[in-house]
Amino acid sequence: AVVSTQSTGVAGILLLVLGGIFWTKQFDMFPDLEDYSTSITSVLVAMLVIGGLLFLIGIIGCIGACSGKSGLLNIYFVVVLIFVILEIVVIVLAVVKKNDFEDAFVETGTELFTEYKTEANDATPDLDEVKVVGVNVAQFTFECCGVDTGSSWWGNRNGAAVFAPGCCSNFDSQTFENSIQAGLTQEKMLITQCPDDGEVFQVGCQEQANALANAFSTVIIIVVAVLIAFEILCLVAACVSKKRDLVA
């Protein structure tokens, strides 16, 4: 029981350390994520809270196992059991709600991309800078272009194929932001070729989003299943320890 409770505490420490490192270095490692700092901060806060709870649970269980106090082991058992139930719910939601997530993501993305495309074809584009940057950063980050047909989704201008700058493999978000601060133009929002021989992503963002959703849900299920198996072993160890104390 001592080993299992210590393992829970160690898992909590790892989450706290990793969460802390990413909190302080997130934009150094992934500068393109700075525009979404609010969402990232929420995830990191949740990560730190879970890490803190696991560490606290591990300490309580370890003290209970070492001192033979069944009350502390009972608390440890109940809390870990709650974690197991919540993780099972996460697995169920990952399976049941995956298609809903994909549909919502595609619908929201399509609306935003269409709004961008409409404004880019207007003589005097007028679109919020955050949306303009977001569309391009999303395409560069996920290595996709357009909604569902690759770069051809963006259409043509004066007989030449055009696409958003974020479709380029060498897209620089900071340079792009600096350029649009002077004012939006059709030529800035939709270009005919990537600078410095950059390559154009040919996969549509809808296809890429579906692939990522499938991979992400699979990873979640595997990770959570491993956590559940580990926590069940912790519960068994706590029960055995408590039974031995009662026999003694």
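Please refer to the structure placed before this passage.
Summary of the structure given here. None of the values given here were measured: they were computed from a predicted structure.

Brief notes about the state of the cysteines
- Tallied over the full model, the rule gives three disulfides.
- Covalent S-S linkage joins Cys144 and Cys205, the inter-sulfur distance amounting to 2.0 Å. Around the S-S axis, the bridge from Cys144 to Cys205 shows a dihedral of about 85° and counts as right-handed. Of the two residues, Cys144 sits in the loop between α5 (129–142) and β1 (156–157) while Cys205 sits in helix α8 (residues 205–247), which places them 61 residues apart along the sequence.
- Residue Cys205 is classed as buried on the basis of its relative accessible area, which comes to 12%.
- One disulfide in the model links Cys168 with Cys194; its S-S distance is 2.1 Å. Between Cys168 and Cys194 the disulfide shows an S-S torsion of about -95°. By sign, it is left-handed. One end of the pair, Cys168, is in the loop between β2 (160–161) and α6 (173–180); the other, Cys194, is in the loop between α7 (186–189) and α8, with 26 residues separating them in the sequence. An identical accessibility class is assigned to Cys168 and Cys194; each is buried.
- In the chain, numbering the disulfide-bonded cysteines from first to last in sequence yields the connectivity 1-6, 2-3, 4-5.

Here we look at the layout of surface pockets
- Roughly 230 Å³ of internal volume is contained in the second largest pocket.
- If you go around the second largest pocket, the residues you meet are Pro165, Cys168, Asn170, Phe171, Asp172, Thr175, Phe176, Ser179, Glu187, Lys188, Ile191 and Pro195.
- Only α6 and α7 provide two or more residues apiece to the lining of the second largest pocket.
- The dominant element in the lining of the second largest pocket, judged by the number of residues it contributes, is α6, at three residues.
- Among the residues making up the lining of the second largest pocket, the classes are represented as six nonpolar, three polar and three charged.

A short note on the side chain of Arg157
- Along the polypeptide, Arg157 turns up in strand β1.
- Despite being buried, Arg157 has no salt bridge partner; Glu187 is the closest side chain of opposite charge, sitting 4.8 Å away.
- A polar atom in the side chain of Arg157 sits 3.3 Å from the backbone oxygen of Leu190.

Quick word on the packing of aromatic side chains
- Taken as a whole, this structure holds six aromatic pairs when the rule is applied.
- Three or more aromatic residues joined by ring pairs make a cluster, and in this case those are Phe113, Tyr116, Trp153 and Trp154.
- Directly above the ring of Trp153 sits Lys117, whose terminal nitrogen or CZ lies 4.5 Å from the centroid.

About the cut-offs
- Residues numbered from 1 in each chain as written.
- Predicted model: local features only at pLDDT ≥ 70, side-chain atom pairs only at ≥ 80, totals over all residues.
- Heavy atoms only, no water.
- Disulfide = S-S within 2.5 Å.
- Helix = DSSP H or I, 4+ residues; strand = E, 2+ residues; numbered from the N terminus.
- Buried < 20%, exposed > 50% of the residue type's maximum accessible area, 1.4 Å probe, protein only.
- 1 Å grid on protein atoms, 1.4 Å probe; cavity = no way out; pocket = protein on both sides within 12 Å on 5 of 7 lines; lining within 4 Å.
- Points joined across faces, edges and corners; volume = space filled by probe spheres on them.
- Nonpolar A, V, L, I, M, F, W, Y, C, P; charged D, E, K, R; others polar.
- Lys, Arg positive; Asp, Glu negative; His and termini not counted.
- Salt bridge = Lys/Arg side-chain N within 4 Å of Asp/Glu carboxyl O.
- Polar contact = N/O pair within 3.5 Å; in protein donor to acceptor, adjacent residues only side chain to side chain.
- Phe/Tyr/Trp six-rings, centres within 6.5 Å; stacked < 30°, edge-to-face > 60°.
- Lys NZ or Arg CZ within 6 Å of the ring centre and 35° of its normal.

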